[in-house]
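Residue-level structural notes
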Amino acid sequence: MLLQEVMGYHAKVDPRMGANGASCFYALPGCLDFDNKVVGDKQCGINETTLHISVDSWVGSYASAMDQFNKEFPRIASQDLGGMGYDGEESMYVSQAILNDAFTDSGLALDFYKSYLAKVSVDIAYVINMKYFDSIHDVDLLELELCNETDMSNPSRIGDYAKYSGDYDGVVSQPDGNGWKLQALMQWSTAYGMPTAIGLSKGFVSNMNFELPEVQSLLLELQQSSTYNVSCKWMRENRARWLKWKPVETSCYEGFGLVDASGAFVSSRADAVGCGLCQAGSASDELIDDQGRTFRCKPCSPGYSQANTYSTQCEPCPKGTSASSFGSTQCTPCDEGFYQPDTAQTSCLSCGGSRTTLLLGAGSLTDCVCEAGTIEWQSVCVACHDDSMHCPKGSTVDKLVAAAGTTDLRNPFVKKGYFSNPLAPLDTYKCAGELVCPGGSPGECFGDREGLTCGDCPEGHYWASEKCEPCGAVSVAWAFCVTFVVIGVCGSYYMLTSSYTAKASVMMSTTAALGMLIALFQNLGVLNTVAVEWPAGLRDLLNFASVFTFNLDALGLSCAAGGNVARYVSTASFFWIVTVALPTVGLLTNFIPILKRRSLAWEKNKTISTTGQFLQVGFTTMCNVGLMPFMCYRHPTNEQSILKYPNVFCGTAEHWIMRGFGALVIFLAFSFFIAACYAAYQAPRWSGKPRLAAIRFLIFRFRPNVWYFGLVLLARGPLLSMPGVIATNMPSLQLTLMHMILLGSLCLQLWFLPWKSPILNFVDGLSVSLLVMLLAGSLGYADSSGEDAARVLAIFGTVISSLMVVILAGMVTLGLCALCYRSALGSSKELRIMNLGKVPEEKDVFQSLLDVATFLKEDGLGKDKQFIADLGKLSVYDIGTIMRAINILADDLNMAVGDGMRKSSSKRIATGQRTTRSQTSFSAEKTAQTALSSAPPETGGENTQSAMV
């Protein structure tokens, strides 16, 4: 009636009796099965509620269950509106008569539990039981519930009793049950020694109603009138009383707060017109003034937050979070590099000192770890070498030592191609390649190699088949090899010829092709010194080619020579030993009579040519070996090692010894190159003289007019090795410089076409072009362009290098076949492929010369100016070709020429000697020409032709 007539609501009385005191706070939110004993089966949050008010609700024993439900369903949770004007208490009832009797007869206060303590004598306990209470035997067991039908079987309730009282005797877990205040009485009985027997009556307690006198009076009136009339009468008689019950608009409930006319939250009633739901970021705060109790929505203070509406308090920010402003709806996790070990904080603390955190929301200083690119060493974060070590966030030296391979990117490890000193794990050294240094943990070398760069095998072993093999009989094999080399070098004297011809021979073409193949392998060996991780197929070829630059470790040189210094000294000394040995042997042969009688004693000029041939063939290798001690690459520790001998550190005593021997080799190479330049300069003057045989090694492969081209090939050797000295630590720059050098060499080769045989020019140009392409592609290996690019470059490099070897090997094979064919190279009977076409017959050439002579004799008389004008119309290439042809005829056919052609207009090595006609013969010829021109053209034509010929 108050709700409808005073408050203006449509209200309906719908009395429903719950099974227990908890039923009301499940029923009001709309739980369909609010009496279900299983909390999860009450079907809450499905439908709108039809019950809005519950009176006479006894929820005191279920406060924890109510709080738990309100947390799970904050938006539909019921609100406690307070008492109805009288207080109720949940407890056991002892009648007043018994209380009076006990106090009068025995002085016992049975309404105080302490009176039941078991410390009283047995007699007193017996008196209490027998005199004032029923005996346990007087209770009808049929009127009691079974234990499994009461709260005695509720583990969450009886479990607490057993836990806190220690009374585990007879406590058996049962599936279900019910009971009112049962567990409380059990705890009281145990705590105070109450001699009680506990059971649950069937409906006795639920039928008990205790009402105040006023309520009893109203109930009596209902006997004489209707509910409406009794209620209406009471309202008229108690108007002043219930008006006070009428809620004030600004009396807000918990979870709400005061708002003004615009809906903004305010802090006092003076500015308020009503109540509003507290929003996220705020909480309902109690306010008591002269109008009573109300609530206001107060923003959460810094360090606190509230994510839900209808909240009664703000939650402190947990560890690892903070809230810096008022009204925070949530606490912000600490950023990377920050942590917060306390709650309710307004900011996070910085890790500092190059430290960060693995995740957001760090709650302890121990969560601060070293940043990526640094590693913890003795509690300090120190920088990692990015090139040699992988150091993610949280790296420590202990994790580095425990690294297993290079695949776990979450932990630190040594990268492939680098070695870490186990005694100083942060000191890393660059190895010769990823193969020998697999990376992972410090101290890892592949194949039992040793040293700070995994550069050597243990003593008594050598590197072969990707592992260190025992030397065994390798030392003996080297003794045989050295003997064979000595015999071969000395025997080469008898295989060489001392004569020079302008025409290419089969032997010359074959040996020239073989020389090209050796030069190719030398160039590839120099390319192998560049610190680039080559693909597998190309790497195998380059490793093989490095043998031609005296990288003989794979052949077991260490077994015969020993350590790094001994190996290098023996290699460097080889060139000096042979250079001195050849002239010495040549001199000694002239003191051996049997050799002189059989014409086997060495002739001086040929001995010089043989020595020059050895130095020329090994010039690229010699320059590379001499420059090797000067090729120092840098480690991440800023120390330097020799590129070929990485276990030898630059600046050490070993290095200086190697540099001394290297300087001697460079001096030998430089001296030879200067001597070759002088010989090339003097070669045209030595034409037809015996001393020309001394420099045959330099000129015999090239056409007479470009005899000096051997200097270009000699210069190419040291120039290819120099980038390794200039830019040892910059592979891209090395490859670029080598590419430029080879490209320049190719341009000169294509311009001069120096080789005597056309096919040699073609093969040399093609092989150098392929090498230039390989160098261009190699620039991609020095740059990380992704797996697809690396795969394409690997195929490209393998194909190009294989083509070079196949082409030059094919040329050598072709030369050997031509030897069997036994026809002079350059003759009309020679295989066409050797000359890249058919060579004209010599008699046809001679007939063509006669035709030219006839033309000049007959048609040229008196037409000098016309012919000169016609010659002026020719291209410079054609004019040059005519002059070169005339000079070749003059020199190699021993022509008699006039004073104007006494000297050749172009320098070349001639196989003959031109002569100069006397002035008398020249005048007689001139007179004959004049007479011939004045003779009648119709007489003696045929005889004149014969005379002219």
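Above this text is the structure in question.
This write-up is about the structure you can find in this document. Remember, predicted model here, so these are calculated numbers, not experimental data.

Definitions and limits used
- Residues numbered from 1 in each chain as written.
- Predicted model: local features only at pLDDT ≥ 70, side-chain atom pairs only at ≥ 80, totals over all residues.
- Heavy atoms only, no water.
- Helix = DSSP H or I, 4+ residues; strand = E, 2+ residues; numbered from the N terminus.
- Buried < 20%, exposed > 50% of the residue type's maximum accessible area, 1.4 Å probe, protein only.
- Contact = heavy atoms within 4.5 Å.
- Areas by Shrake-Rupley, 256 points an atom, 1.4 Å probe, with all protein chains shown as cover.
- Axes fitted to C-alpha atoms, helices over the stretch in contact; angles between N-to-C directions.
- Parallel < 35°, antiparallel > 145°, perpendicular 65-115°, else oblique.
- Left-handed = near helix turned anticlockwise from the far one by under 90°.
- Nonpolar A, V, L, I, M, F, W, Y, C, P; charged D, E, K, R; others polar.
- Disulfide = S-S within 2.5 Å.
- Core = buried A, V, L, I, M, F, W, Y, C linked by side-chain atoms within 4.5 Å.
- Pairing = 2+ DSSP bridges.
- Phe/Tyr/Trp six-rings, centres within 6.5 Å; stacked < 30°, edge-to-face > 60°.
- Lys NZ or Arg CZ within 6 Å of the ring centre and 35° of its normal.
- Patch = residues over 30% accessible without salt bridge, like charges linked within 9 Å, V, L, I, M, F, W, Y side chains within 5 Å.
- Salt bridge = Lys/Arg side-chain N within 4 Å of Asp/Glu carboxyl O.
- Polar contact = N/O pair within 3.5 Å; in protein donor to acceptor, adjacent residues only side chain to side chain.

Let us now look at the overall build of the chain. A count of helices and strands for the chain gives 31 helices and 24 strands. In the chain, buried positions account for 37% of the 949 residues. Taking the contacts inside the chain whose residues are at least 6 apart along the sequence as the reference set, 55% of them involve residues at least 24 apart. Summed over its atoms, the accessible surface of the chain is roughly 53,600 Å², and 60% of this surface lies on carbon and sulfur atoms.

Contact geometry for helix α19 (residues 619–627) and helix α22 (residues 709–726): axes closest at 8 Å, N-to-C directions at 25 degrees. When the axes of α19 and α22 are compared, the pair comes out roughly parallel. Like other packed secondary-structure pairs, α19 and α22 cross with a definite hand, here right-handed. Contacts between α19 and α22 involve F619, T620, C623, N624 and L627 on the former and, on the latter, L714, G717, P718, S721, M722 and V725. Residues that form the contact of α19 with α22 fall into these classes: 7 nonpolar, 4 polar and no charged.

Looking now at the state of the cysteines. Summed over all chains, the structure comprises 14 disulfides. The disulfide partner of C351 is C368, and the S-S distance across this bridge is 2.0 Å. Where C351 bonds to C368 through sulfur, the torsion about that S-S bond is close to -70 degrees, and the disulfide is left-handed. Remark: C368 occurs in strand β12 (residues 368–370) and C351 occurs in the loop between β10 (349–350) and β11 (355–357); sequence separation between them is 17 residues. Residue classification places C368 among the buried residues on the basis of a relative accessible area of 6%. Across the disulfide, C632 is cross-linked to C650 (sulfur-sulfur distance 2.0 Å). With the S-S dihedral at roughly -105 degrees, the linkage between C632 and C650 falls on the left-handed side. One end of the pair, C632, is in strand β21 (residues 632–634); the other, C650, is in the loop between β22 (640–642) and α20 (653–682), with 18 residues separating them in the sequence. Residue C632 shares its accessibility class with C650, and that shared class is buried.

This brings us to the nonpolar core. Counting residues in each nonpolar core, the largest one holds 44 residues, and the members touching the most others are M622 and L698. Put simply, the parts of the chain that give this core at least two residues each are α12 (474–495), α16 (564–589), α18 (604–617), α19, β21, α20, α21 (696–699) and α22. Of the residues forming this core, the biggest block, 8 residues, is contributed by α20. One finds V526, W534, L735 and L774 within the second-largest nonpolar core, a separate group that totals 26 residues.

What follows covers the pairing of strand β13 (residues 374–377). Walk down a regular strand and you will see the side chains alternate between the two sheet faces. With 4 bridges joining them, β13 and strand β14 (residues 380–383) adopt antiparallel strand pairing. Bridge pairing links W377 to V380 in β14. Turn length for the β13-β14 hairpin, with the two strands adjacent in sequence and antiparallel, is 2 residues, and the turn residue Q378 shows positive phi of about 55 degrees.

Below, the discussion takes up the packing of helix α8 (residues 213–221) against helix α9 (residues 227–237). Between α8 and α9, the least distance of the axes is 9 Å, while the angle of their chain directions is 135 degrees. Regarding the angle of α8 to α9, the classification is oblique. Seen from above, α8 lies across α9 with right-handed handedness. Between α8 and α9, the contacting residues are E214, L218 and E221 on the first element and V230, K233 and W234 on the second.

So, on to the packing of aromatic side chains. Within this structure, the stated rule accounts for 23 aromatic pairs. Seen in terms of ring centroids, Y708 and F752 are 6.0 Å apart; in terms of plane orientation they differ by 90 degrees. Their pairing is edge-to-face. With Y708 in the loop between α21 and α22 and F752 in helix α23 (residues 731–752), the pair connects residues that are 44 residues apart, well separated along the chain. Of the residues examined, F752 reaches a relative accessible area of 22% and is grouped as partly exposed. In this structure an aromatic cluster arises from ring pairing among F702, W707, Y708, F709, F752 and W755. Its end group placed over the ring of W656, R659 keeps NZ or CZ at 5.2 Å from the ring centre.

This part is about unusual backbone geometry. The backbone of Y310 shows a phi angle near 55 degrees, a positive value even though the residue is not glycine. Along the chain, the position of Y310 falls in the loop between β5 (304–305) and β6 (315–316). Unusually for a residue other than glycine, F550 sits at a positive phi of about 65 degrees. By the secondary structure assignment, F550 is in the loop between α14 (536–545) and α15 (557–561).

The next point concerns a nonpolar patch on the surface. Nonpolar side chains collect at one region of the surface, where V845, F846, L849, L850, L893 and M895 lie side by side and expose about 510 Å² of accessible area between them. Inspection of the secondary structure puts F846 in helix α27 (residues 842–858). Its relative accessible area of 52% is what places F846 among the exposed residues.

Glancing now at the environment of N638. As for its placement among the helices and strands, N638 is situated in the loop between β21 and β22. Taking relative accessible area as the criterion, N638 reaches 56% and is therefore assigned exposed. Separated by 209 residues in the primary sequence, N638 and Y429 have C-alpha atoms spaced 9.2 Å apart.

Turning our attention to the environment of I800. Mapped onto the fold, I800 is located in helix α25 (residues 787–821). Discounting chain neighbours no more than four positions away, the residues touching I800 are L770, M773 and L774.

Topologically, S546 is positioned in the loop between α14 and α15. The contacts of S546, once residues within four sequence positions are left out, are G525, N528 and N551.

Let's shift gears to the side chain of K644. On the secondary structure map, K644 appears in the loop between β22 and α20. Overall, K644 belongs to the buried group, its relative accessible area being 18%. A distance of 2.9 Å separates the side chain of K644 from the backbone oxygen of F550, its partner in a polar contact. Excluding anything up to four places from it in sequence, K644 contacts T549, F550, N551 and M628.

The next subject is the environment of L615. Along the chain, L615 falls in helix α18. Sequence separation of L615 and L714 is 99 residues, and the distance between their C-alpha atoms is 9.8 Å. Those residues within four positions of L615 in sequence are excluded, and the remaining contacts are T579, M622, L668 and F672.

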